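Chain residues, written in single-letter form:
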Amino acid sequence: MLTRRALAGGLAALPFADIHAQEVDFPDRPLRFVVGFPPGGPNDLLARVVAPGIGERLKRSVVVENRAGANGEIAAASVAKAPTDGSVFMLASNGSTTVAAALNRNLPYDARTDFAAVAPVGINPMLLVVRNDLPARDVAELLALARAQPGKLNGASAGAGGATHLALELFKALGKVDIVHVPYKGGGPAMADLMAGLVDVYFGGLSTALPHVKAGKMRALGQTSTTRSAAAPDIPTIAEAGLPGYEAAISYGIFLPAGAAPSLVNRLHAAVDATIRSPDVARKFTELGADPQFGTPPEFAAYVAADLAKWAALAKQAGLKVE
């Protein structure tokens, strides 16, 4: 199971593919590192933090290419059809891989078969934040308030079917509460309306929500990871604050198109892993509200499969489907 800083689990004992079998090198030209969101967001920022280290270790120029649209699905679809020679790889969150697959049966790619899982990169917990005048000071009080007023509280998301929406739905399912989902076109507008008191609850990325919490513009009741992030050690997890078993962090990883040679997968994994272990990169991750993760390609593939199963089960339970 994937944790905040490490991977372990059923596939941990599986060996890497034999790197001497059918040895293939990366093309001797700039490599395209695809990101499915515009510049400045968490996906883009993490990619730009690790890209120089990957390029240095592969002895290639690595160019971050932003292909924004459809919650990262446009970029993922392009990478699924890209050449398998190592010239193209992507950084993707679980929003465009496992979450999208759990909610939409008509994707132009299959996260389980169209990509080679290379390496986990990091986890960005979300913060459960509420408007300042909401009469709930912690998770337990929010659950009590929601149960006392079913259907009266509103929960914003950055878009239907995205990670912030699924975090809300998981909270509703585990807490057995009725909170009305209000989808927005992005996290910025959702947080703006929360700060204006127009909605009650939001699950925002830690790196974007925490500055507003520190500025006193909203209150944080809990974070969505299983352990407290190094970026917010004073904020309890939702699981420890009143909802055991809750976990809904945004995870990031690097993928090659399916069919890439095992030697390419292993070399790219080694470059990513060494880069993330760099103290300078770890410090930058903390500044972005992300916690680094490590694991072999088989372990990362196992995590992707488990994450898909988790969100698919929630989607079925809650009757969620986003076309």
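What comes next concerns the included structure.

Parameters at a glance
- Residues numbered from 1 in each chain as written.
- Predicted model: local features only at pLDDT ≥ 70, side-chain atom pairs only at ≥ 80, totals over all residues.
- Heavy atoms only, no water.
- Core = buried A, V, L, I, M, F, W, Y, C linked by side-chain atoms within 4.5 Å.
- Buried < 20%, exposed > 50% of the residue type's maximum accessible area, 1.4 Å probe, protein only.
- Helix = DSSP H or I, 4+ residues; strand = E, 2+ residues; numbered from the N terminus.
- Contact = heavy atoms within 4.5 Å.
- Phe/Tyr/Trp six-rings, centres within 6.5 Å; stacked < 30°, edge-to-face > 60°.
- Pairing = 2+ DSSP bridges.
- Axes fitted to C-alpha atoms, helices over the stretch in contact; angles between N-to-C directions.
- Arc of directions from axis to C-beta.
- 1 Å grid on protein atoms, 1.4 Å probe; cavity = no way out; pocket = protein on both sides within 12 Å on 5 of 7 lines; lining within 4 Å.
- Points joined across faces, edges and corners; volume = space filled by probe spheres on them.

### Observations concerning the nonpolar core
Logical step 1: Within the largest apolar cluster, 70 residues are counted, with the highest numbers of intra-cluster contacts made by F33, I54, L142, F171, F203, I254 and L268.
Logical step 2: It is helix 1 (residues 42-58) that provides the largest number of residues to this core, a total of seven residues.
Logical step 3: Ignoring sequence-local partners within four residues, the contact set of F171 consists of L128, V139, L142, L143, K176, V177, I179, F203, I238, L243 and Y246.
Logical step 4: If you look at the next biggest cluster of nonpolar residues, it comprises 19 residues, including A75, V79, A117 and Y303.

### With respect to the packing of aromatic side chains
Logical step 1: Scanning the model with the defined rule gives seven aromatic pairs in all.
Logical step 2: Geometrically, the ring pair formed by F171 and Y246 is edge-to-face, given 6.2 Å between the ring centres and 75° between the ring planes. Taken as a pair, F171 in helix 5 (residues 163-175) and Y246 in the loop between strand 9 (219-223) and strand 10 (250-257) lie far apart in primary sequence, 75 residues in all.
Logical step 3: Given a relative accessible area of 1%, Y246 falls into the buried group.

### Section: the sheet that holds strand 1 (residues 31-35)
Logical step 1: The strand order across the open sheet formed by six strands is 2-1-3-10-4-11, and the pairing between neighbours is mixed. In the strand order of this sheet, the two ends are held by strand 2 (62-66) and strand 11 (291-292), each with one partner.
Logical step 2: Relative to strand 11, strand 4 (residues 115-124) is paired through two bridges, and the arrangement is antiparallel. Directly across from I123, in strand 11, lies its bridge partner D291.
Logical step 3: Sitting on the sheet, helix 3 (residues 95-103) is in contact with strand 3 (88-93) and strand 10, with an inclination near 60° to strand 3.

### Description of helix 7 (residues 206-214)
Logical step 1: Looking only at helix 7, the buried set comprises L206, A209, L210 and V213. End-on, the buried residues of helix 7 take up no more than an arc of 105°, which puts them together on one face.
Logical step 2: The inward-facing, buried residues of helix 7 abut strand 4, strand 5 (126-130), helix 6 (187-195), strand 8 (201-205) and strand 9.
Logical step 3: Count one or two residues on from helix 7 and you reach G216, which has phi positive near 80°.

### Here's the deal with the pairing of strand 1
Logical step 1: Taking burial as the measure, the five residues of strand 1 include four buried ones, the bulk of the element.
Logical step 2: As judged from the five bridges shared by strand 1 and strand 2, these two strands associate in the parallel manner. In the sheet register, L31 faces strand 2, and the bridge partner there is V62.

### A few points about helix 3
Logical step 1: The element helix 3 is largely enclosed, with a buried count of eight among its nine residues.
Logical step 2: Taken residue by residue, helix 3 has G95, S96, T97, T98, V99, A100, A102 and L103 as its buried positions.
Logical step 3: Those residues of helix 3 hidden inside the fold are in contact with helix 2 (73-80), strand 3, helix 5, strand 10 and helix 10 (297-318).

### As for the layout of surface pockets
Logical step 1: Of the voids in this model, the largest pocket is the one considered here, and its volume is about 790 Å³.
Logical step 2: If you trace the largest pocket, you find 34 residues lining it, with F37, N71, A158, A163 and G187 closest to the centre.
Logical step 3: When residues of the lining of the largest pocket are traced back to their parent elements, those giving at least two are helix 1, helix 3, helix 5, helix 6, strand 8 and strand 10.

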